[in-house]
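Structural description and commentary
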Amino acid sequence: MLLAKSEIMSIAKEVIDRYILFILKKLGIWEKPENLCVRLADANDDAFGVCLTYFKDQEKNELAAAVVVLYLSNITCIRIFNWFRLPRLCMFSKKLLERKILHVLAHELRHYWQYYTGEHKKYHRMTKGIYQKVLLLEVDAENWAEEFLSAYVLKPRIAWLSQ
Ligand SMILES: [Zn+2]
């Protein structure tokens, strides 16, 4: 049975409410910053989410605001053609969907952290090209999200398999 759109929406809101402060705390941010908000939206490309940032200055030293957007339709479906979407596995299971949304949320909040702390500037110094910088920021966000999920949420119970 496929999850209904309204169920997907409420699961997403629940995951965001339940985990946003927890994830931020694990990133070393102890309160939800006033310049951060999280939204749900549809997307025209294939991204699961995005972290949009606005800076007070050209040098990108001071973050003015950030919006994390989660694209639920891409999280739940693979777009084959413009007119055809194939449901992903997570659309059949509340548990899988929660895990997937949590993964995307953790990834995007790590991007927020990169800009909030100024860590992104380190990557700027390390690389010459903008594409390489973006790639390194992506790798960092994805590694962190993977680690967060395995360390704090879903410790794989591999031990059970050998019994
Ligand atoms: Zn990313």
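The coordinates are above.
Now for a quick tour of the structure. In this text the structure is predicted, and so the values were computed from the model without any measurement.

1. Some points on the overall build of the protein
When its secondary structure is counted, the protein shows six helices and five strands. For the protein, whose C-alpha radius of gyration is 17 Å, the value lies close to the compact-globule estimate of 15 Å for 163 residues. Seen along its three principal axes, the alpha-carbon backbone of the protein occupies a region of about 50 × 45 × 30 Å. The 163 residues of the protein split such that 25% are buried. Excluding contacts between residues fewer than 6 apart, the proportion of contacts in the protein whose partners are at least 24 apart in sequence is 66%.

2. Notes on the sheet that holds strand S3 (residues 63-71)
Whenever strands of a sheet pair, they do so through backbone hydrogen bonds, lying parallel or antiparallel. The three strands are arranged S1-S3-S2 in an open sheet whose pairing can be described as mixed. The sheet terminates laterally at strand S1 (36-41) and strand S2 (49-55), the two strands that pair on one side only. Taken pair by pair, the neighbouring strands of this sheet meet at an average axis angle of 20°, ignoring direction. Of the strands in this sheet, S1, S2 and S3 touch helix H3 (residues 94-116), which is tilted by about 165° from S3.

3. Structural notes on the pairing of S3
In this sheet, S3 lies alongside S1 in parallel orientation, the contact comprising six bridges. By the bridge assignment, arginine 39 is partnered in S3 with valine 69.

4. Quick word on the environment of asparagine 82
Mapped onto the secondary structure, asparagine 82 falls in the loop between strand S4 (77-81) and strand S5 (84-87). Take asparagine 82: there are 7 C-beta atoms within 10 Å of it, and that puts it in the exposed class. It is 33 Å that separates the C-alpha atoms of asparagine 82 and tyrosine 115, two residues lying 33 residues apart in sequence.

5. What to know about the environment of leucine 40
Its location among the elements puts leucine 40 in strand S1. Residue leucine 40 is classed as partly exposed on the basis of its C-beta count, with 17 C-beta atoms lying within 10 Å. It is 12 Å that separates the C-alpha atoms of leucine 40 and glutamate 14, two residues lying 26 residues apart in sequence. Excluding anything up to four places from it in sequence, leucine 40 contacts Met9, Ala12, Leu70 and Leu72.

6. A look at unusual backbone geometry
A positive phi angle is found at lysine 60, which is not glycine, with a value near 60°. Position of lysine 60 relative to the elements: it lies in the loop between S2 and S3. Given 15 C-beta atoms within a 10 Å radius, lysine 60 is considered partly exposed.

7. Digging into the packing of H3 against helix H5 (residues 130-153)
Between H3 and H5, whose axes approach to 8 Å, the crossing angle comes to 130°. With respect to H5, the axis of H3 lies oblique. H3 and H5 meet at a crossing whose hand is right-handed. Taken together, the residues of H5 that come into contact with H3 (itself represented by Leu102, His103, Ala106, His107, Arg110, His111 and Gln114) are Leu137, Asp140, Ala141, Glu142, Trp144, Ala145, Phe148, Leu149 and Val153. Residue classes in the contact of H3 with H5 are distributed as nine nonpolar, four polar and three charged.

Rules behind the numbers
Residues numbered from 1 in each chain as written. Predicted model: local features only at pLDDT ≥ 70, side-chain atom pairs only at ≥ 80, totals over all residues. Helix = DSSP H or I, 4+ residues; strand = E, 2+ residues; numbered from the N terminus. Rg over C-alpha atoms; globule rule 2.2 N^0.38 Å. Buried ≥ 20, exposed ≤ 12 C-beta atoms within 10 Å, placed from the backbone. Contact = placed C-beta atoms within 7 Å. Pairing = 2+ DSSP bridges. Axes fitted to C-alpha atoms, helices over the stretch in contact; angles between N-to-C directions. Parallel < 35°, antiparallel > 145°, perpendicular 65-115°, else oblique. Left-handed = near helix turned anticlockwise from the far one by under 90°. Nonpolar A, V, L, I, M, F, W, Y, C, P; charged D, E, K, R; others polar.

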